[in-house]
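Listed here are the chains, written in short residue letters.
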Amino acid sequence: MNAKKARVAVLVSGGGTNLQALIDAQAAGIICSGEICLVIANNANAYALTRAANAGIPSVTVLKKECGSQAAFEQAIIAALEENAIDLIVLAGFMSILSEDFTRRYDHRILNVHPSLIPSFCGQGFYGLHVHEAALAKGVKVTGATVHFVNEIPDGGEIILQKAVEVQEGDTPEILQKRVMEQAEWKLLPAAVEMVSAKIVQ
Ligand code: GAR
């Protein structure tokens with residue numbers, strides 16, 4: 001077995017339950033080819049920052065407002081990634097769309113978790129609870145989650161893993177979100193991080 005590990009950065013905006021799933025998977029040995037070395041938040045109040053601190057993972061906060069432009073915001077993120085020699089970037093509830101310049105720079109080195117079965121309920125405007133609201137409004141009986149590589153098209157990159165989750169009678173967006181997280185996202189994302197990390201270090 002290769003002792004070298006891919007250096008992973010996790011980009012977050014909010015609660016960070018997917019970050020927590022990654023931290024737990026690393027502790028459990030499910031992720032063994034990668035190591036979470038850095039958390040980057042675009043929101044100073046993100047609870048994900050507390051999760052990172054509790055796990056002893058260094059974090060930085062980069063605020064678009066303070067940077068002044070998308071380009072300066074991305075430059076600040078790139079600086080943090082380079083300082084930490086990051087190999088793999090994981091968008092785990094990161095609510096900011098990255099430019100083509102950024103995604104091309106890290107071709108096949110950025111993963112995203114999305115709470116639907118892409119190509120349903122994805123793209124611009126479909127994030128967080130809105131995705132589940134749209135699924136319920138459409139009346140689908142099955143939804144799920146997708147982990148994919150990130151390219152210049154929002155939610156348009158190559159699919160890595162998907163898992164279906166049943167919609168149940170009486171579901172609210174919140175109840176459905178929780179089921180999709182528990183049954184799909186929190187399992188798929190660690191599995192995908194391990195798969196891609198193993199390829200990076202092989
Ligand atoms: C997750 O459901 C994630 O899939 C979704 O936001 C939530 C973040 O929760 N991401 C998107 O909608 C991206 N388009 P978390 O902060 O608890 O991981």
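Relevant structure appears above.
Here's what I pulled together on the structure shown here. Given the structure is predicted, the values throughout are model-derived calculations rather than measurements.

Some remarks on the overall build of the chain
Helix and strand counts for the chain stand at seven helices and seven strands. Helices and strands appear in the chain in the N-to-C order β-α-β-α-β-α-α-β-α-β-α-β-β-α. For the chain, the spread of C-alpha atoms along the principal axes amounts to about 50 × 45 × 30 Å. Relative to its full complement of 202 residues, the chain shows a buried share of 47%. Once local pairs closer than 6 in sequence are excluded, the contacts in the chain between residues at least 24 apart make up 66%. Accessible surface for the chain amounts to roughly 9,700 Å². Of this, 52% is attributable to carbon and sulfur atoms. Charged side chains of the chain number 16 positive and 21 negative; the gap between the two group centres comes to 3 Å.

A closer look at unusual backbone geometry
With omega at 20°, the peptide bond leading from Ile118 into Pro119 counts as cis. Mapped onto the elements, Pro119 comes out in the loop between strand S5 (110-114) and helix H6 (129-138). Positive phi outside glycine occurs at Ala85, with the angle close to 50°. Secondary-structure assignment places Ala85 in the loop between helix H4 (70-83) and strand S4 (88-91). A positive phi angle is found at Asp155, which is not glycine, with a value near 65°. Given a relative accessible area of 13%, Asp155 falls into the buried group.

Focus: the site of the ligand
In the region of the ligand, 14 residues are neighbours, and Gly16, Thr17, Asn18, Gly128 and Glu185 sit closest. Gly128 is positioned such that a nitrogen or oxygen atom in its backbone is 2.8 Å from an oxygen atom of the ligand. A distance of 2.6 Å separates an oxygen atom of the ligand from a polar atom in the side chain of Glu185. Among the elements of the structure, helix H1 (17-27), S5 and helix H7 (173-201) are those that each provide at least two residues to the shell around the ligand.

Reading the values: the criteria
Residues numbered from 1 in each chain as written. Predicted model: local features only at pLDDT ≥ 70, side-chain atom pairs only at ≥ 80, totals over all residues. Heavy atoms only, no water. Helix = DSSP H or I, 4+ residues; strand = E, 2+ residues; numbered from the N terminus. Buried < 20%, exposed > 50% of the residue type's maximum accessible area, 1.4 Å probe, protein only. Contact = heavy atoms within 4.5 Å. Areas by Shrake-Rupley, 256 points an atom, 1.4 Å probe, with all protein chains shown as cover. Lys, Arg positive; Asp, Glu negative; His and termini not counted. Charge placed at Lys NZ, Arg CZ, Asp CG, Glu CD. Near = heavy atom within 4 Å. Polar contact = N/O pair within 3.5 Å; in protein donor to acceptor, adjacent residues only side chain to side chain.

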